[in-house]
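Residue-level structural notes
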Amino acid sequence: MLAVIAIVQIRELTRIYQQGDIKVVALDRVSLDIARGDFVALMGPSGSGKSTLLHIIAGIDRPTAGSCRVDGIEVAALSETELAGWRNSHIGFVFQTFNLIPVLTAFENVEMPLLLTGLSAAERRAHVEAAFELVGLADRMDHLPRQLSGGQEQRVAIARALVTDPTLIVADEPTGNLDAKSASDVLGLLEALNRDAGKTIIMVTHDPKAAAHARRTLHLEKGELLKDEEVRR
Amino acid sequence: MPAIPLAYNVRSLRVRWRTTIATVLGIALVVAVFVMVMALARGLKSTYIQTGDPMNLLVLRRGSTAESSSQIMREEMMRRKYMPGIARDEQGRPFFSPEIIVLIYLNRIDAEVGGNVIVRGMGEMGLALRPNVTISEGRMFEPGRRECIVSRRLSDRFANCRVGDRFQAGKAEWTVVGIFEAGKSAYESEIWADADEVRAAFSRNFYGSMLVRPESEAAADAIVRRIESDRTLSARVLREVDYYKDQTKTAGPIQFMGGFLATIMSIGAAFSAMNTMYAAVGARTREIGTLRVLGFRRRAIYGSFLLESLILAAVGGLVGCLISLPLNGVATGTFSWTSFSEVAFEFRITPELLGKGMLFALAMGALGGLLPARMAAQKPVLAALKS
């Protein structure tokens, strides 16, 4: 049997926030591995540390102690400038509130991360069109975000997250602002990207129905990893 | 460094169109004032710079800085008329003109308050010494008939200055027999008549200056040496063009006032731009966080917001320049503190001046944008996303 390659290796990861005189422990010596091609749901109540863990993995927060390696790189050791470049090539981020730039068209929003890659305009167009094909919105590329429904906006955000072919797609409550139908579509899309395109996805959710689309769920509470279980289909 | 697309800034400005227009108009106003006042100063300067013939020499009493304060007695003047080295015309007449300046008060055509105007008395060669001057209407005055010719600009602005009109000045009544054009020079602010008639009408027993044209450069040097070493005359000689260049200091106070006014106003406009940009950064904090997550560096964010402020300022500058442009070539007049008379001139808006106006606008944009852009770039990613 082949050994499973861990794309994310977390060891004794601790994150403590200072709020005035009070120290808030958001993550308390968490250790875990995530395999390449996995679809992991991070679950837990508010304040359990699931978003903090996602942010550290995505390189937008830094741990107080411990190690977080993504594809062999110690993320916390990177400088601010290195982190920006690293995020661009390794992380595709999907936000709960979509975070599309309102004055740019769907096409331009998806093209944004590619502007940092040195690809030619024609190459960028080809990548963007391919991403739109994947999310099923090829006919909405010239629309502004306000001309799209919530579900469509989130699909554009997913296209933006995968257009650079990143190592990881991280999604923070991606269905939190969607109606049931749109949420189901978005989750189906993430599941398909994992299943068919082999994308590694880490998704924060507090919704068991959303988590059911993942292959594995990690339960956190008060900054500690309580449960790590395979999802039965 | 990969840059955030310009479309992002332009469209963001368009979305916040109310604050954008207010800021653009603020900057436009400052640039328009700056360009207009500088155009006024330039027009005035250029009027003097365009005056005089490079060959002509002007002789003034030593110690005098202006023709109006110089006095040369008739006998002293006439002794130099046939001095060697002075050029002559076909009839053998020397290019020599004894001249005198007096100020008269004339009523304006379109205002209740009149103004002081220069009357230049000149010798028979006065016109020939000024080849850039042409009589466009009527004819040259004839000595002995109390006649005068008036510059086109004075004729357009002052009462009783058209051909056939008469006006009282000194002890005489003068008839306007011609209108002259002097190529936008300082002569455009003068009335010309015969020197001896002017002296008689204003009870002057002296002339103010003499204007001569030497045969050559070498002759010019000789004339300068001869006159300046002549102790009986006690005069100084300077090129006519240099004399008028020196008069450009009239524009100094206007230029200073314009610069001062524009600087004070620009502080207000820069604060307006800063306020607009702070509001932009505040409203787009989450977008800044998103751009950082996508991989854009702090420098790119900084550059983008600074650029946005510069775009705002550039549009303001452009509008300001357009507002000021119709003033180009408009003729007006101002009081000269060197001649104590009305000087007619045209506003001169040059490409260089417009360029300076644009640079001034961009400086306001840069000043207004620096701090907000820095604030945008310094925002921690997570805090920006959570805003």
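Residues numbered from 1 in each chain as written. Chains lettered and ligands numbered in written order. Predicted model: local features only at pLDDT ≥ 70, side-chain atom pairs only at ≥ 80, totals over all residues. Heavy atoms only, no water.

On the chain A side, the residues contacting the 21 residues of chain B number 25 residues. For the pair chain B and chain A, the interface holds three salt bridges. With a shortest N-O distance of 2.9 Å, Arg 292 of chain B and Glu 80 of chain A are connected by a salt bridge. Linking chain B with chain A are eight residue pairs in polar contact (both at pLDDT 80 or more), by the criterion used here. For the side of chain B that touches chain A, the secondary structure elements donating two or more residues are α1 (6-15), α9 (285-294) and α12 (381-386) of chain B. (Contact = heavy atoms within 4.5 Å. Salt bridge = Lys/Arg side-chain N within 4 Å of Asp/Glu carboxyl O. Polar contact = N/O pair within 3.5 Å; in protein donor to acceptor, adjacent residues only side chain to side chain. Helix = DSSP H or I, 4+ residues; strand = E, 2+ residues; numbered from the N terminus.)

Turning to helix α5 (residues 150-162) of chain A, a few remarks are in order. Look at α5 of chain A: 19 Å from first C-alpha to last across 13 residues, which is about the 18 Å you get at 1.5 Å a residue. Summarising burial for α5 of chain A: 12 of the 13 residues are buried, a large majority. Here the buried face of α5 of chain A lies against β6 (91-94), α3 (106-111), α4 (121-135), β7 (168-172) and α6 (180-197) of chain A together with α9 of chain B. (Expected span 1.5 Å × (residues − 1). Buried < 20%, exposed > 50% of the residue type's maximum accessible area, 1.4 Å probe, protein only.)

Looking now at the packing of helix α10 (residues 298-324) of chain B against helix α11 (residues 351-378) of chain B. Residue and element names in this part refer to chain B. Following both chains from N to C, one finds α10 and α11 inclined at 150 degrees, their axes separated by 7 Å at the closest point. Overall, the two elements α10 and α11 adopt an arrangement that is roughly antiparallel. Crossing geometry of α10 relative to α11 is assigned as right-handed. Residues of the contact of α10 with α11, tallied by class, amount to 18 nonpolar, seven polar and two charged. (Axes fitted to C-alpha atoms, helices over the stretch in contact; angles between N-to-C directions. Parallel < 35°, antiparallel > 145°, perpendicular 65-115°, else oblique. Left-handed = near helix turned anticlockwise from the far one by under 90°. Nonpolar A, V, L, I, M, F, W, Y, C, P; charged D, E, K, R; others polar.)

This paragraph deals with α9 of chain B. All names here are of chain B. Counted residue by residue, α9 has nine buried out of 10 residues, so it is predominantly covered. Turning to α9, its buried residues number three or more, namely Thr 285, Glu 287, Ile 288, Gly 289, Thr 290, Leu 291, Arg 292, Val 293 and Leu 294. Within two residues after α9, Gly 295 carries a phi angle of roughly 120 degrees, on the positive side.

Now for the pattern of salt bridges. Residues and elements named next belong to chain A. Within the structure shown, the criterion is met by 41 salt bridges over all chains. Note that Arg 216 and Asp 38 form a salt bridge whose closest N and O atoms lie 3.6 Å from each other. Placement of Arg 216 in strand β9 (residues 216-221) and of Asp 38 in the loop between β2 (22-35) and β3 (39-43) is noted, with a sequence separation of 178 residues between them. Of the two residues, Arg 216 and Asp 38, neither departs from the other in class, the shared state being buried.

Keep in mind these numbers describe shape, not what the thing actually does.
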